[in-house]
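# Coordinate analysis (summary)
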Amino acid sequence: MKLTFYINSGLITLNFAASFFLSMFLLIMPAIFTSTSAFQFILLSILTGLIGAFIYPLLSYFLVEQLKVEPIYIGVYMVLVTLSGLAISQYLGRLADQGYSARKMYILANSGIILALLVYMNTNLFAVVLLAGVFFMAFGNASVPQMLTLSRQWTQDKPVDITQFNARIRAGISFAWMIGPPLGFTLVAYIGFTATFSMAVLVACIGIMFVALCIPEQPAANKPITNEPPTKAPLSFWFLALAIVMGSMGNNMYTSALPLYTINELALPRYTPGVLMGLVAGLEIPIMLWSSRLCQRFSKTHIMLAAFCFGCVFYIGVFNATTFAVLLALQVVNALFYGLFAGVGLTLMQEQLPARIGFTSAVYSNGFKIGVMVGASCMGVIAQYFSFRYALLGAAAASALGAVFLGLFLNHNACSQCKLSQDAL
């Protein structure tokens, strides 16, 4: 019986891998024989998003179910891995602004992910997983910001709508999350974590090959490597960064708690988290693309404020939901929150410091990483002493705080504009 199970499991894994590899190959091949275009960067965002989509939704479940650790250790892992990742990601972002190759740093980041996952697949010891996360996965944290930096560098001399382009890049990541979590949780349910992590390694390798073959070196703001002091970020920039952190924190408290809440506490099928994450990712895509048109009628800041309101409604709704049907319906509200939040956030942040694209892209991406760290840590503490369900109230509080920080950003910007007007007079 065991032999039959392993043979069937192996065949299923090979089938998934072959189908996925063929799909990626058919997408990538046209890009190899065409000049660099927006399509190639959208495809790169999909590949980069897929890596994370196979890893991050499963981490809390992996630590508790596979490594048999207490929920509070989820926070320990997230804090240490994220802190090391933040330092590396910001350093690489500064190098990109100084003229170093974001392309090569992207390849380095994916290599770190591959090394970390190879360790994860071959140990059941939490300490070994933690060390691999701190020393290898930390480099992987730079994958998304370096992809964003590469994409924005390409637009410097192109007649493109930056808001729309960034929205499409973010939509590419959401498209990846529409595929990754459902496939990942399905593989875990029928085969195990090794199959899902193997898929992430495969995609990381494809990403490296794609950048090496299809993406040429991009100029860093048309400046040579330099040690000149960069433009200082104003206080309003950091209020905006805190709003990004709060939005990510709420989202990650929800996504970290979702597998254990729906499977262990609501006794829903094991594929439930993947279906919910895949559905919302699919709904986010048109909303992100629509957000660029909304920016022509409303300010980006007000759009983000509306997003935080949707977030509060969603988390409170999930807290009170007990059936799969209600959770499915609530994903529409979740998509409105995340689609608007992610659709305009990157452009809004890059507009604050247009001469420091590498820095702002790293801060934006690291804001999400800090949200993951704090959100997962808070979720672990709440689950340890209460339940996974109550982590959803923490997510709602994070969205409310995000709206507060966004209000401070608006107020400080208004005061700065008034001061500039008075100085001019």
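Residues numbered from 1 in each chain as written. Predicted model: local features only at pLDDT ≥ 70, side-chain atom pairs only at ≥ 80, totals over all residues. Heavy atoms only, no water.

## What to know about the overall build of the protein chain
Operational definition: Helix and strand assignments come from DSSP, with helices taken as H or I runs of at least 4 residues and strands as E runs of at least 2, each series counted from the N terminus. Type-normalised accessible area, obtained with a 1.4 Å probe on protein chains alone, sets the label of each residue: buried when under 20%, exposed when over 50%, and partly exposed for intermediate values. Whether two residues are in contact is decided by their heavy atoms, any of which lying within 4.5 Å being enough.
When helices and strands are tallied, the protein chain shows 15 helices and zero strands. Evaluated residue by residue, the protein chain yields a buried proportion of 56% over its 425 residues. Expressed as a percentage of contacts within the protein chain between residues at least 6 apart in sequence, the contacts between residues at least 24 apart total 85%.

## Brief notes about the packing of helix α8 (residues 162-190) against helix α13 (residues 324-352)
As a reminder, the rule being used: Axis lines are fitted through C-alpha atoms, for helices just across the contact stretch, and the angle between N-to-C directions can take any value from 0 to 180 degrees. When an angle is under 35 degrees it counts as roughly parallel; over 145 it counts as roughly antiparallel; between 65 and 115 it counts as roughly perpendicular; any other value is oblique. Handedness of each helix crossing follows the sense of rotation of the near helix against the far helix: counterclockwise by less than a right angle gives left-handed, clockwise gives right-handed. Note that Gly is not counted as nonpolar here; it falls among the polar residues with everything else outside the nonpolar set of Ala, Val, Leu, Ile, Met, Phe, Trp, Tyr, Cys and Pro and the charged set of Asp, Glu, Lys and Arg.
Following both chains from N to C, one finds α8 and α13 inclined at 130 degrees, their axes separated by 9 Å at the closest point. With respect to each other, α8 and α13 are oriented oblique. The hand of the α8/α13 crossing is right-handed. Where α8 abuts α13, its residues I162, T163, N166, A167 and R170 lie against Y338, A342, G343, L346, T347 and Q350. Of the residues that constitute the contact of α8 with α13, the class distribution is five nonpolar, five polar and one charged.

## Some words on the nonpolar core
Defined as follows: Nonpolar core, defined: a set of buried Ala, Val, Leu, Ile, Met, Phe, Trp, Tyr and Cys residues in which side-chain atoms within 4.5 Å join the residues together.
In terms of nonpolar packing, the biggest core is built from 129 residues, with L63, Y77, L117, Y120, M304 and F341 touching the most fellow members. Examining the composition of this core, we find that 16 residues originate from one element, helix α10 (residues 235-265), more than from any other. With near-sequence residues (within four places) excluded, Y120 lies in contact with L59, F62, Y77, V129, A132, G133, M137 and F197. Judged by nonpolar contacts, the second largest core, of seven residues, contains I88, L92, M105 and A138.

## Points about α8
Each α-helix winds once per 3.6 residues, and so residues spaced three or four apart point in a common direction. Selection rule: How far a helix is expected to stretch is found by multiplying one less than its residue total by 1.5 Å.
With 29 residues, α8 extends 43 Å between its outermost C-alpha atoms, agreeing within 8% with the 42 Å of an ideal straight helix rising 1.5 Å per residue. Of the residues flanking the end of α8, it is G192, one or two places downstream, whose phi is positive at about 145 degrees.

## Section: the packing of aromatic side chains
Rule in force here: Only centres within 6.5 Å qualify two rings of Phe, Tyr or Trp (six-membered ring in Trp) as a pair; their planes then separate them into stacked at under 30 degrees, edge-to-face at over 60, and tilted for everything else.
On inspection of all chains with the given rule, the structure shows 20 aromatic pairs. Plain terms: the ring middles of Y254 and F314 are 5.0 Å apart, the flat faces sit at 80 degrees to each other, and that makes the pair edge-to-face. With Y254 in helix α10 and F314 in helix α12 (residues 300-320), the pair connects residues that are 60 residues apart, well separated along the chain. Judged by its relative accessible area of 0%, F314 is buried. Considering the side-chain rings of Y338 and F368, the 6.4 Å spacing of their centres and the 80 degrees angle between planes classify their relative orientation as edge-to-face. Residue Y338 is found in helix α13, and its partner F368 is found in helix α14 (residues 357-385); the two are separated by 30 residues along the sequence.

## Focus: the packing of α10 against α12
It is at 12 Å that the axes of α10 and α12 come closest, and there the two elements cross at 20 degrees. One way to sum up the angle between α10 and α12 is to call them roughly parallel. You can see that α10 and α12 cross each other, and the crossing is left-handed. Only M304, F308, F314, Y315, V318 and F319 of α12 make contact with α10, whose side of the interface consists of L240, A243, I244, G247, G250, N251, Y254 and Y261. Residues of the contact of α10 with α12, tallied by class, amount to eleven nonpolar, three polar and no charged.

## Re the confidence of the model for the protein chain
Under the convention used in this document: Along the chain, pLDDT gives the predictor's confidence residue by residue, from 0 to 100.
Averaged over the protein chain, the pLDDT score is 78; the fraction of residues at 70 or greater is 84%. The element-level mean pLDDT for the protein chain is lowest in helix α1 (residues 2-32), coming to 46, with α12 highest at 91. Between residues 1-35, whose pLDDT stays under 50, and residues either more than four places distant or in other chains, the model counts 36 contacts. Scored below 50 in pLDDT, residues 221-226 makes ten contacts in the model with residues more than four places away or belonging to other chains.

## Description of the side chain of N251
Relative to the elements of secondary structure, N251 occurs in helix α10. Classification of N251 as buried rests on a relative accessible area of 13%. In contact with N251, not counting residues within four places along its chain, are Y315, F337 and Y338.

## Section: the side chain of S84
Cut-off, in case you're wondering: In protein, a polar contact means a hydrogen-donor-capable atom and an acceptor-capable atom, both N or O and within 3.5 Å, with residues adjacent in sequence counting only if both atoms are side-chain atoms; elsewhere, any N or O pair within 3.5 Å suffices.
Checked against the element boundaries, S84 lands in helix α4 (residues 72-97). A residue is classified by how much of its surface remains accessible, and S84, at 17% relative accessible area, is buried. Here V134 takes part through its backbone oxygen, which lies 3.3 Å from a polar atom of the side chain of S84. Each residue touching S84, except ones within four places of it in the same chain, is listed here: G133, V134 and A138.

## Points about the environment of Y261
In this fold, Y261 is placed in helix α10. Accessibility expressed as a relative area gives 3% for Y261, which makes it buried. Residues Y261 and L392 lie 131 residues apart in sequence; the distance between their C-alpha atoms is 10.0 Å. A polar contact is formed between the side chain of Y261 and the backbone oxygen of A321, at a distance of 3.3 Å.

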